[in-house]
Amino acid sequence: MSGFNNIVILTGAGISAESGIDTFRSAGGLWEQHNVEDVATPEGFARDPDLVLGFYDMRREALREREPNAAHNALALLDAEFAGELLIVTQNVDDLHERAGAKRVLHMHGELKSALCTSCEMRSPWDAPMSAKDGQRPPCPVCWARTLRPDVVWFGEMPYQMERIYRALREADLFVSIGTSGAVYPAAGFVRDARDLGAQTLELNLERSEGSHWFHESRQGRAGDLVPAWVEEVLGG
Ligand code: BV8
């Protein structure tokens, strides 16, 4: 795994599973507890904002008790030690990559700890409940309107920084997918884009995913085991 100069990594909920954060599609996962149309679409938010705000408040609150795991720490080490180009594109809205120390991180589906105001469209760091309290939702720190929403990308919404991601995929000589089911686009299509553009492709996942057949190599196992071993291969040269 040595000799690469430009690595793009895509992470999904599976990299945070060993930190105790629910994934979406495993047994008991988020989509078994909640109807995705109700809590992860703009239509659901328009229909019942407090249900949606409560869903994200619960996940933001749960994040306080969670810590990065060995996989996040290994990617942070790679970020610090790898001399080439590196971009960690995460579908996750948790902050565990950053808390592990990774710097070159791009949240294509937004972040739990960010608030987007639908009046002034400004984003603000946010780590408090967004649901109404005593009948009032909290005010936007910029314009004071009580019109904040979670700064996450819902189904039917455009993921963030797509141009930057496609530019990185064009330049990558290695694309690694970690802990994702390959069920949601456009992220699920990145492996094909990277492969068509000449990159080597590697999947690290607990089980075979919907996209496993697109990868040159697919390794099954827990991220906490597979990722440190892979980072050692890359840094050990
Ligand atoms: C878009 C943020 C247009 C919010 C998420 C009809 C109408 C409208 C849209 C569509 C449509 N048909 C298709 C679409 C597109 C749609 C889509 O793909 N739908 C699917 C369901 C078919 N996509 C969109 O709407 C996207 N936007 O298309 O805009 C556009 C786009 C480009 C250009 C022009 C226009 C926006 C989608 C974003 C939705 N937001 N999250 C939040 O977090 O609440 S999606 C969410 O699910 C994640 O972010 C991720 O993207 C996706 C998949 O989740 P995973 O991370 O993979 O988690 P999952 O549980 O599925 O899998 C976990 C994996 O880990 C498993 O494989 C498991 O085996 C493994 N694992 C578990 N434990 C471990 C492990 N691996 C290793 N170690 C372990 N310990």
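Residues numbered from 1 in each chain as written. Predicted model: local features only at pLDDT ≥ 70, side-chain atom pairs only at ≥ 80, totals over all residues. Heavy atoms only, no water.

### Describing the overall build of the protein
Consideration 1: Along the protein, the regular secondary structure elements total nine helices and nine strands.
Consideration 2: Against the compact-globule benchmark of 18 Å for 237 residues, the protein has a radius of gyration of 18 Å, which places it among compact chains.
Consideration 3: Going through the 237 residues of the protein one by one, you find that 51% of them count as buried.
Consideration 4: Considering only residue pairs separated by 6 or more positions, the protein has 63% of its internal contacts joining residues 24 or more positions apart.
Consideration 5: Within the structure as shown, the protein displays about 11000 Å² of accessible surface, and the carbon and sulfur contribution to it stands at 50%.
Consideration 6: Each charge class in the protein can be summarised by its mean position, and for the 23 positive and 36 negative side chains these summaries are 3 Å apart. (Helix = DSSP H or I, 4+ residues; strand = E, 2+ residues; numbered from the N terminus. Rg over C-alpha atoms; globule rule 2.2 N^0.38 Å. Buried < 20%, exposed > 50% of the residue type's maximum accessible area, 1.4 Å probe, protein only. Contact = heavy atoms within 4.5 Å. Areas by Shrake-Rupley, 256 points an atom, 1.4 Å probe, with all protein chains shown as cover. Lys, Arg positive; Asp, Glu negative; His and termini not counted. Charge placed at Lys NZ, Arg CZ, Asp CG, Glu CD.)

### Looking at the sheet that holds strand β8 (residues 200–205)
Consideration 1: Taken in spatial order, the six strands make up an open sheet running β3-β2-β1-β7-β8-β9, and their pairing is parallel. Since the sheet does not close on itself, it has two edges, and those belong to β3 (105–107) and β9 (217–220), each with one partner. In this sheet, adjacent strand axes meet at a mean angle of 15° when their direction is disregarded.
Consideration 2: Where strand β1 (residues 6–11) meets strand β7 (residues 174–178), five bridges bridge the pair, whose relative direction is parallel. When the sheet's bridge partners are listed, Ile-7 is paired in β7 with Leu-174.
Consideration 3: Each of β1, β2 (85–90), β3 and β7 is contacted by helix α7 (residues 162–171), which is oriented at about 130° to β1, the strand it contacts most. (Pairing = 2+ DSSP bridges. Axes fitted to C-alpha atoms, helices over the stretch in contact; angles between N-to-C directions.)

### Observations regarding α7
Consideration 1: Three or more residues of α7 are buried, namely Met-162, Ile-165, Ala-168 and Leu-169. Each buried residue of α7 sits inside an arc of 125° when the element is viewed along its axis, so together they form one side. Across from the buried face of α7, at angles greater than 90 degrees, the exposed residues are Glu-163 and Glu-171.
Consideration 2: In this structure, the buried residues of α7 make contact with β1, β2, β3, β7 and α8 (190–196). (Arc of directions from axis to C-beta.)

### Digging into the domain arrangement of the protein
Consideration 1: In terms of domains, the protein is made up of domain 1 (1–20 + 68–109 + 159–237) and domain 2 (22–65 + 113–152).
Consideration 2: On a C-alpha basis, the centroid separation for the pair domain 1 and domain 2 is 26 Å.
Consideration 3: Opposite the 14 residues of domain 1 that make contact, domain 2 presents eleven residues.
Consideration 4: When the area that domain 1 buries against domain 2 is broken down by residue, the three leading residues are Ala-13, Val-93 and Tyr-160, summing to 44%.
Consideration 5: At the boundary of domain 1 with domain 2, the tally comes to one salt bridge.
Consideration 6: At the junction of domain 1 and domain 2, the tally comes to three residue pairs in polar contact (both at pLDDT 80 or more).
Consideration 7: Across the side of domain 1 that touches domain 2, the residue classes break down as seven nonpolar, four polar and three charged. (Domains from an automatic or database assignment. Buried area = accessible area lost by both parts, 1.4 Å probe. Salt bridge = Lys/Arg side-chain N within 4 Å of Asp/Glu carboxyl O. Polar contact = N/O pair within 3.5 Å; in protein donor to acceptor, adjacent residues only side chain to side chain. Nonpolar A, V, L, I, M, F, W, Y, C, P; charged D, E, K, R; others polar.)

### Remarks on the pairing of β2
Consideration 1: The element β2 is extensively covered by neighbouring structure, given that five of its six residues are classed as buried.
Consideration 2: Pairing of β1 with β2, which is carried by six bridges, proceeds in the parallel orientation. Considered in β2, the bridge of Ile-9 is made with Ile-88.
Consideration 3: Sheet topology note: the β2/β3 ladder contains three bridges and is parallel. Residue pairing in the sheet places Val-89 in a bridge with Leu-106 of β3.

### Side note on the site of the ligand
Consideration 1: In the neighbourhood of the ligand, 32 residues make up the surrounding shell, with Gln-91, Gly-156, Thr-180, Ser-181 and Glu-207 lying closest.
Consideration 2: One nitrogen or oxygen atom from the main chain of Phe-24 is found 2.7 Å from an oxygen atom belonging to the ligand.
Consideration 3: Separating an oxygen atom of the ligand from a side-chain N or O atom of Arg-59 is a distance of 2.7 Å.
Consideration 4: Bound to the protein, the ligand loses 75% of the 1500 Å² it would expose on its own.
Consideration 5: Tallied by class, the residues present in the shell around the ligand amount to 15 nonpolar, eleven polar and six charged. (Near = heavy atom within 4 Å.)

### Digging into the environment of Glu-98
Consideration 1: Tracing the chain through its elements places Glu-98 in helix α6 (residues 96–100).
Consideration 2: Put simply, Glu-98 and Val-176 are 78 residues apart on the chain and 19 Å apart in space, counted from C-alpha to C-alpha.
Consideration 3: Residues contacting Glu-98, with those up to four places away along its chain left out, are Val-105, His-107 and Glu-111.
Consideration 4: Here the side chain of Glu-98 touches His-107 through a polar contact of 2.6 Å, side chain to side chain.

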